Amino acid sequence: MRTWVAPGRVNIIGEHTDYNDGYVLPIALPLVVECAASVRADGNVRVVSRQRPDETVLVGVGELAAQRDRVPGWSRYPLGVVAEFVRRGHAIGGVDLALDGAVPIGAGLSSSAALSCAVAIALRDLFAPTVTDRELIEVARAAENDYVGAPTGLLDQSASIMCTAGHALFLDVRRFAASDDANAVAHEQIPFDLARFGLELLVIDTGQPHEHVDGGYAERRAQCEAAAAQLGVPALRDVDSVAALDRISDDVLRRRARHVVTENARVLSVAKRLRSGADPRAIGPILTEGHASLRDDFEVSTPALDAAADAAVAAGAHGARMVGGGFGGSVIALVDREHTDAVVAAVRNRFADAGFAEPRTFVVGPAAGAHRAD
Ligand code: GLA
């Protein structure tokens, strides 16, 4: 058996912009899902997971679609990836997959994309070496959309496959999805070196899990599509001024669209600052604005996420925002290294006062994307 790994991610800025054809700016986390894999000759897929020691899943390659509703939920991610390779015409005569995940589940850190991407990269090496990175991202996303039933965009899978150590990945999702060449200018690796400036990126996991197969995420997508339709544009990416949104009569739709339009502008502005090599402290207030927009206009924050972001900024963080789809999960805060402990203590106190469970906190830096580990 050989082993492949794929990381979770945090998005520095650009939330709920991916499925609106917009911009994102994630980094890969130093937390990975490991997939040990080997070829089987008997036409079966066998999946085990260190996190589910009591469940071994065995399904015939030809039975993947039919068995979808009978297999355990967690196994739909790896099985969905196998099913998608098969659907695309790759011959898979059977495979053994042994999984071990260190990305916290439901924390908004993309444990699910890390899982699908670890399996996808393993299957590529074993069965389909000509598959490009962009196709691999599409395979992992299709597995989540179609087999698992979570209607996500491609932020998480792109981050897990394409991020590089020491960099944030700027991705123009529309151009990336449309281009035939994954190396086209649709993406750019922007140096993101916080240590040089005495800074740290703190992740605060509220411990309140979220699920994208639930209705809130799909409802936001539908609202964005409805807003774009009212404006007569293919996607909200095509709106570049907030003033243009006055034509949307419904207040909720207008606010959803305003988040996307202002968030795309925030991604461009953060990317510009980082690209110029400026002190990253300058992006802090933009992150905090992004949180307010997700809280007030997009309404995907929670009291615990708000408390974490507020307490971090009040204790001296340069900026803080919830990350991922929302409705639970984590906050990131940009902090001076010497203030990290004080910020953690302030967030803990705020959580204790509010009666929330103690949050989990850790410092992260931009790590490598998916790769073979041995
Ligand atoms: C989830 C989805 C992504 C993206 C984010 C919000 O993580 O999987 O595609 O839409 O939410 O930015």
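A short tour of the structure in this document, coming up. Treat the numbers as computed from the prediction; the structure is a model and nothing was measured.

Thresholds, definitions, all that
- Residues numbered from 1 in each chain as written.
- Predicted model: local features only at pLDDT ≥ 70, side-chain atom pairs only at ≥ 80, totals over all residues.
- Heavy atoms only, no water.
- Near = heavy atom within 4 Å.
- Polar contact = N/O pair within 3.5 Å; in protein donor to acceptor, adjacent residues only side chain to side chain.
- Areas by Shrake-Rupley, 256 points an atom, 1.4 Å probe, with all protein chains shown as cover.
- Nonpolar A, V, L, I, M, F, W, Y, C, P; charged D, E, K, R; others polar.
- Core = buried A, V, L, I, M, F, W, Y, C linked by side-chain atoms within 4.5 Å.
- Buried < 20%, exposed > 50% of the residue type's maximum accessible area, 1.4 Å probe, protein only.
- Helix = DSSP H or I, 4+ residues; strand = E, 2+ residues; numbered from the N terminus.
- Contact = heavy atoms within 4.5 Å.
- Pairing = 2+ DSSP bridges.
- Axes fitted to C-alpha atoms, helices over the stretch in contact; angles between N-to-C directions.
- Disulfide = S-S within 2.5 Å.
- Parallel < 35°, antiparallel > 145°, perpendicular 65-115°, else oblique.
- Left-handed = near helix turned anticlockwise from the far one by under 90°.
- Expected span 1.5 Å × (residues − 1).
- Arc of directions from axis to C-beta.

1. A closer look at the site of the ligand
With respect to spatial proximity, 13 residues lie near the ligand, and among them Glu 15, His 16, Asp 18, Asp 156 and Tyr 217 are the closest. One of the side-chain N or O atoms of Asp 156 is found 2.5 Å from an oxygen atom in the ligand. Contact between the ligand and Gly 325: an oxygen atom at 3.3 Å from a main-chain N or O atom of the residue. For the ligand, whose unbound accessible area comes to 310 Å², protein coverage reaches 99%. Class assignment for the residues of the shell around the ligand results in 3 nonpolar, 6 polar and 4 charged.

2. Some remarks on the nonpolar core
Ranked by size, the top nonpolar core spans 87 residues in total, and within it Leu 25, Phe 85 and Leu 201 carry the most contacts. For this core, the element with the most residues is helix α3 (residues 111-127), which contributes 10 residues. With residues up to four places along the chain from it excluded, the contact list for Phe 85 reads His 90, Ile 92, Ala 120, Leu 123, Arg 124, Ala 128, Val 131, Leu 136 and Val 139. Counting residues in hydrophobic clusters, the runner-up holds 36 residues, among them Leu 202, Phe 298, Leu 305 and Val 347.

3. Considerations on the sheet that holds strand β10 (residues 319-322)
The antiparallel open sheet is built from 4 strands, whose spatial order is β10-β11-β9-β12. Of all strands in the sheet, those with a lone pairing partner are β10 and β12 (360-364), marking the two edges. Put simply, the sheet's adjacent strands are angled 20 degrees from each other on average, direction ignored. Here strand β9 (residues 199-205) runs beside β12; their pairing, made up of 5 bridges, is antiparallel.

4. Here's the deal with the side chain of Ser 293
Within the fold, Ser 293 resides in helix α9 (residues 284-296). Apart from residues no more than four positions distant in its own chain, Ser 293 is found in contact with His 259, Thr 262, Arg 266 and Phe 298.

5. Quick word on the state of the cysteines
Counting across every chain of the model gives 0 disulfides. Cys 117 supplies the cysteine sulfur nearest to Cys 35, a cysteine that is in no disulfide, at a spacing of 11 Å. Cys 117 provides the cysteine sulfur closest to Cys 163, a residue in no disulfide bond, and the two sulfurs are 11 Å apart.

6. Brief notes about the packing of α3 against helix α5 (residues 155-162)
The interhelical angle for the contact between α3 and α5, taken along N-to-C directions, is 55 degrees, at an axis separation of 9 Å. Between α3 and α5, the angle is such that the two are oblique. The crossing of α3 and α5 is right-handed. For the pair α3 and α5, contact is made by Ala 113, Ala 114 and Cys 117 and by Asp 156, Gln 157, Ser 160 and Ile 161, respectively.

7. Describing helix α11 (residues 340-354)
The first and last C-alpha atoms of α11 sit 21 Å apart over 15 residues, in line with the 21 Å expected at 1.5 Å per residue. Three or more residues of α11 are buried, namely Thr 340, Val 343, Val 344, Val 347 and Phe 351. One face of α11 carries all of its buried residues, which in axial projection span an arc of 100 degrees. Exposed side of α11, more than 90 degrees from the buried face: Asp 341, Ala 352 and Asp 353 are the residues found there.

Shape is all these values report; function is a separate question.
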